[in-house]
Amino acid sequence: MANVIGVKFKETGKMYYFDPGDNQLAKGQRVVVETTHGVECGICTVPNRTVPDEEIVKPLKKILRPANEADLKTLETNKQKEKRAYDICREKIAQFKLDMHLVEVEYTFDGSKILFFYTAPERVDFRELVKTLASIFKVRIELRQIGVRDEAKLLGGLGPCGRPFCCKEFLHDFQPVSIKMAKEQGLSLNSVKISGTCGRLMCCLKYEQESYDYLLKHTPKVGAAVVTPDGKGEVVSSNLLTGMLKVRLERYPDATPLSIHRRDVKPVRNEEAKAKKPEQEG
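The notes below deal with the structure included here. (Residues numbered from 1 in each chain as written. Predicted model: local features only at pLDDT ≥ 70, side-chain atom pairs only at ≥ 80, totals over all residues. Heavy atoms only, no water.)

### As for the pairing of strand β8 (residues 140–145)
Rules: By the convention used here, strands pair only if DSSP detects at least 2 bridges between them. Here a helix means four or more residues in a row that DSSP labels H or I, a strand means two or more in a row labelled E, and each is numbered from the N terminus. Look down the strands so they point away from you; if the path from the first strand over the helix to the second goes clockwise, the crossover is right-handed.
Relative to β8, strand β7 (residues 113–119) is paired through 6 bridges, and the arrangement is parallel. Counterpart to Leu-115 in the pairing with β8 is Glu-142. Read from β7 through helix α2 (residues 127–137) to β8, the crossover connection turns out right-handed.

### Brief notes about the environment of Val-130
For clarity, the threshold we go by: By definition, residues are in contact when any of their heavy atoms lie within 4.5 Å.
Turning to its location among the elements, Val-130 is positioned in helix α2. Separated by 38 residues in sequence, Val-130 and Lys-92 place their C-alpha atoms 9.8 Å apart. Once residues lying within four places of it in the same chain are set aside, the contact partners of Val-130 are Ile-141 and Leu-143.

### Some words on α2
Operational definition: Only protein chains enter the accessibility calculation, which uses a 1.4 Å probe; a residue is then buried when its area is under 20% of its type maximum, exposed when over 50%, and partly exposed in between. Note that the arc is defined by the directions from the helix axis to the C-beta atoms.
For α2, the set of buried residues is Leu-129, Thr-132, Leu-133 and Phe-137. Projected down its long axis, α2 shows its buried positions confined to an angular sector of 115 degrees, all on one face. Turned more than 90 degrees away from the buried face of α2 sit Arg-127 and Lys-131, all of them exposed. On its buried face, α2 is in contact with α1 (69–95), β6 (101–107), β7 and β8. Downstream of α2 by a residue or two, Lys-138 has a phi angle that is positive, lying close to 60 degrees.

### Quick word on the packing of aromatic side chains
Applicable threshold: Any pair of Phe, Tyr and Trp rings, taking the six-membered ring for Trp, is counted once the centres come within 6.5 Å. Such a pair is stacked with planes under 30 degrees apart, edge-to-face with planes over 60 apart, and tilted for the rest.
As enumerated under the stated definition, the model contains 4 aromatic pairs in all. Seen in terms of ring centroids, Phe-9 and Phe-18 are 6.3 Å apart; in terms of plane orientation they differ by 85 degrees. Their pairing is edge-to-face. Judged by relative accessible area, Phe-9 falls into the partly exposed class, the value being 25%. For the ring pair Phe-170 and Tyr-207, a centre distance of 6.3 Å and an interplane angle of 40 degrees mean the geometry is tilted.

### Observations concerning α1
Working note: α-helix, 3.6 residues per turn, so residues spaced by three or four point in the same direction. Heads up, the condition is: Here, expected helix span is obtained from the residue count minus one, scaled by 1.5 Å.
For α1, which comprises 27 residues, the first-to-last C-alpha distance of 39 Å matches the rise-based estimate of 39 Å (1.5 Å per residue) to within 8%. Within α1, burial applies to Asp-71, Asn-78, Glu-82, Ala-85, Ile-88, Cys-89, Lys-92 and Ile-93. The inward-facing, buried residues of α1 contact β3 (30–35), β5 (63–66), β6, β7 and α2. Just past α1, the residue Lys-97 takes up positive phi, approximately 55 degrees.

### Some points on the side chain of Asp-71
Selection criterion: We define a polar contact as two N or O atoms separated by no more than 3.5 Å, with the added condition that, inside protein, one atom must be a possible hydrogen donor and the other a possible acceptor, whereas residues neighbouring each other in sequence contribute only through side-chain atom pairs.
If you trace the backbone, Asp-71 turns up in helix α1. For Asp-71, the side chain forms a polar contact with the side chain of Arg-65, separated by 2.8 Å. Residues in contact with Asp-71, not counting those within four places in the same chain, are Val-32, Arg-65, Pro-66 and Phe-109.

### Quick look at the sheet that holds β5
What counts here: Only the stretch in contact is used when a helix axis is fitted, and all axes are lines through C-alpha atoms; the angle between N-to-C directions ranges over 0 to 180 degrees.
If you trace the 5 strands from one edge of the open sheet to the other, you get β2-β1-β4-β3-β5, paired in antiparallel fashion. Where the open sheet ends on each side, the last strands, each with one partner, are β2 (15–18) and β5. Neighbour-to-neighbour, the strand axes of this sheet turn through a mean angle of 40 degrees, independent of strand direction. Inspection of the sheet shows strand β1 (residues 2–8) paired to β2 by 4 bridges, in the antiparallel sense. Bridge pairing links Val-7 to Tyr-16 in β2.

### What about the nonpolar core?
The tendency in soluble globular proteins is for nonpolar side chains to be buried as a group. Spelled out, the test is: Only buried residues count toward a nonpolar core, which is a set of Ala, Val, Leu, Ile, Met, Phe, Trp, Tyr and Cys residues joined through side-chain atoms within 4.5 Å.
By size, the foremost hydrophobic cluster in this structure holds 19 residues, and its most contacted members are Met-100, Phe-116, Leu-133, Phe-137 and Leu-143. Element by element, the count of residues in this core is highest for α1, at 4 residues. Every residue in contact with Leu-143, bar those within four places of it in the chain, is listed here: Met-100, Phe-116, Tyr-118, Phe-126, Leu-129, Val-130 and Leu-133. Among the nonpolar cores identified, the runner-up in size contains 8 residues, and Ile-5, Phe-18, Leu-25 and Ile-63 belong to it.

Quick look at the structure:
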């Protein structure tokens, strides 16, 4: 077991465990830590707690200190610098006529590097841009191309549901989403209706897929042979969420299909169906 705190460096970023040492830290308190990218100032999202060793990525680093007034002032100064860097970079992108869209600018806590996040339809030759920015800011310059989903996560906004983007609110990682999920959930396959503001398939399609996978396994498919209390029949439609089926009975083929819940029917095994087929042919 180890005493840890959880720290985030971005509002919707991943949480990392650090050793608080003798410090008792509250949720929302700023802390200065050393990471693989250098010294950074993060926010405590999980106060002191004890966790099993297997939940920790070792080696567990200690925090350098709880953020003091000077650290908070540095953060505020960096925010102002980022706004200026953003405006200058956009101006230079236009000057060099580069096909790229600047999304966000981030100063490292110690001010030794500036990261420029951008989107672009194709690979961009930004060597001249980097040289120009380096000559202006006199620090290391790094340009990172991101996808449209990452852009939505950074900028935020409202989704088709009217709520803030899930990726901005709580999603730390993007999960694979496929058109198959929309099909299995009975949704319209119109790309406009199942795409988020970013233009990609909505992340929320993933949320209920596990339930749909379970329901698909336990619900007879359309065309399946089943046994009902009124006799054998064939499933002509089904509703996964309600569990209601419409079954055309063998002995009443021209009658209105029977409405019945999936729990009240039994599937006809393949062996039985195969055995029945030769009898009907004979």
